[in-house]
Amino acid sequence: AGNPELEITISEGGHPEIKYLKSGYQGINIYKDSGDGHGSVFLFTCNDPNGIDHSALPAEGVSATWIYTAFYLYKGKEIGTISKDTPISVRGLVS
């Protein structure tokens, strides 16, 4: 069992897009630390090789660093080791 390598970019609309190599796995469980003091919490299951975090962005003009990690899924169970912390800076957009 392996550990996913995450690639994160900012998509249209300012939301992080999370990409990974699916290989022979079912998908990944994605966790996020949004810096709110709650640590890394489950965000969503992604069965496609990429997914977008549609969480609310920071207030207009405010930036934050969100840190993502993930486990591979196989037959509905998390396997292998957790990915490296993958941070990205997000910013509230002017509407």
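The coordinates are above.
Reading guide: rules and limits
- Residues numbered from 1 in each chain as written.
- Predicted model: local features only at pLDDT ≥ 70, side-chain atom pairs only at ≥ 80, totals over all residues.
- Heavy atoms only, no water.
- Salt bridge = Lys/Arg side-chain N within 4 Å of Asp/Glu carboxyl O.
- Helix = DSSP H or I, 4+ residues; strand = E, 2+ residues; numbered from the N terminus.
- Buried < 20%, exposed > 50% of the residue type's maximum accessible area, 1.4 Å probe, protein only.
- Pairing = 2+ DSSP bridges.

1. Here we look at the pattern of salt bridges
Here's step 1: All chains considered together, the criterion is met by 1 salt bridge.
Here's step 2: For Lys 32, the salt bridge goes to Asp 53, with nearest N and O atoms at 3.0 Å. With Lys 32 in strand β3 (residues 27-33) and Asp 53 in the loop between β5 (50-52) and β6 (63-74), this residue pair connects regions lying 21 residues apart in the sequence.
Here's step 3: Relative accessible area serves as the criterion here: at 7%, Lys 32 is assigned to the buried category.

2. Digging into the pairing of β6
Here's step 1: Pairing of β3 with β6, which is carried by 7 bridges, proceeds in the antiparallel orientation. From the neighbouring strand, Ile 30 faces β6, where its bridge partner is Ala 70.
Here's step 2: Direction of pairing for β6 relative to strand β8 (residues 86-91): antiparallel, over a ladder of 6 bridges. Considered in β8, the bridge of Thr 65 is made with Ser 89.
Here's step 3: The pairing of β6 with strand β7 (residues 77-79) spans 3 bridges and is antiparallel. Bridging across to β7, Tyr 72 finds its partner in Ile 79.
Here's step 4: Where β6 folds back onto β7 in an antiparallel hairpin, the turn is made up of 2 residues, including Lys 75, whose phi is positive at roughly 55°.

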